[in-house]
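Analysis of the macromolecular model
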Amino acid sequence: MTQNAKQPGATASSRIFEVLRQDLLNGRFGAGERLSISSLKETYQVGLSPLREALNRLAAYGLLRQENQRGFRVLELTRRELDDITEMRRQMEGMAIERAIAHGDEEWESQLLAANHRLTRAGDSTPLREWEQLHTRFHNALVAPCGSVWLLRFISQLHDQFDRYRRVAPSDPELRQRLDAQHGELVELALARDANGARALIEEHITLSSQVAQRSC
């Protein structure tokens, strides 16, 4: 069910931005679809000003395309773009996990173990939205102490771009099982302070996940 984004004051724009961001990642709108401002206002119960502000932010963030005098359009899904996103994720997250292992302390280890535990306990009965949140938190925890706010920011944006593809792709239970197992393996390598092994595995993990995401193209 779509969340009501009608909130008082300055929070309305931020709230509709986040609700729309999630809906775009989850494939609520079709690739290449032109968005109707009037329909969005009615669906999300939000005023014109905060809605336009949120749409402009989403366009700047890279989840929408703004067309001159023609409003906003959902981005297309192309194999070429996905390959680019995948390679950038491999490079940036590989660098980030090396730096995280070098700088992470005992508190980081505890948070990483907790994030992996919560993700592992999420079974088939867990709502998809909740599983996605736990999955994102795990990957965030993995690289949290990398020491670069900008690197984390780029990684977060690349994750969203990647998820536009992955979340709407047909599922592959066999690949999903292997990807889930790699989460635990990444934790073991991180705790062992094996930076080279962790970097190799995160790159393999991203490549394997891209095989699922490719089915959306």
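Computed from a predicted model, the values in this text were never measured in an experiment. (Residues numbered from 1 in each chain as written. Predicted model: local features only at pLDDT ≥ 70, side-chain atom pairs only at ≥ 80, totals over all residues. Heavy atoms only, no water.)

What follows deals with the packing of helix α1 (residues 11-25) against helix α3 (residues 48-61). Close contact between α1 and α3 brings their axes to 8 Å; oriented N to C, the two are set at 50°. What the angle tells us is that α1 and α3 run oblique. As α1 runs across α3, the sense of the crossing is right-handed. Every residue of α3 that contacts α1 at Ala12, Ser13, Ser14, Ile16, Phe17, Leu20, Arg21 and Leu24 is listed here: Pro50, Leu51, Glu53, Ala54, Leu55, Arg57, Leu58 and Tyr61. (Axes fitted to C-alpha atoms, helices over the stretch in contact; angles between N-to-C directions. Helix = DSSP H or I, 4+ residues; strand = E, 2+ residues; numbered from the N terminus. Parallel < 35°, antiparallel > 145°, perpendicular 65-115°, else oblique. Left-handed = near helix turned anticlockwise from the far one by under 90°. Contact = heavy atoms within 4.5 Å.)

A word on the domain arrangement of the protein chain. As far as domains go, the protein chain holds domain 1 (12-74) and domain 2 (79-214). For domain 1 versus domain 2, the separation of C-alpha centres amounts to 27 Å. Each side of the interface is counted separately: domain 1 has 9 residues, and domain 2 has 9 residues. Sorting the residues of domain 1 by area buried against domain 2 places Leu25, Asn26 and Tyr61 first, and these three jointly supply 62% of that buried surface. For the pair domain 1 and domain 2, the number of links is 1 salt bridge. For Asp160, the salt bridge identified is with Arg21, shortest N-O distance 2.6 Å. (Domains from an automatic or database assignment. Buried area = accessible area lost by both parts, 1.4 Å probe. Salt bridge = Lys/Arg side-chain N within 4 Å of Asp/Glu carboxyl O.)

What follows deals with helix α8 (residues 173-191). Taking 1.5 Å of rise per residue, 19 residues should cover 27 Å, and α8 covers 28 Å from first to last C-alpha, within 8% of that figure. Of all the positions in α8, only Leu175, Leu179, Gln182, His183, Leu186, Val187 and Ala190 are classed as buried. All buried residues of α8 fall inside an arc of 140° around its axis, so they share one side. Away from its buried face by more than 90 degrees, α8 exposes Pro173, Glu174, Gln177 and Glu188. Packed against the buried residues of α8 are α4 (79-103), α5 (106-121), α6 (128-143) and α9 (195-213). Where α8 ends, the next residue or the one after it, Arg193, has phi of about 60°, a positive value. (Expected span 1.5 Å × (residues − 1). Buried < 20%, exposed > 50% of the residue type's maximum accessible area, 1.4 Å probe, protein only. Arc of directions from axis to C-beta.)

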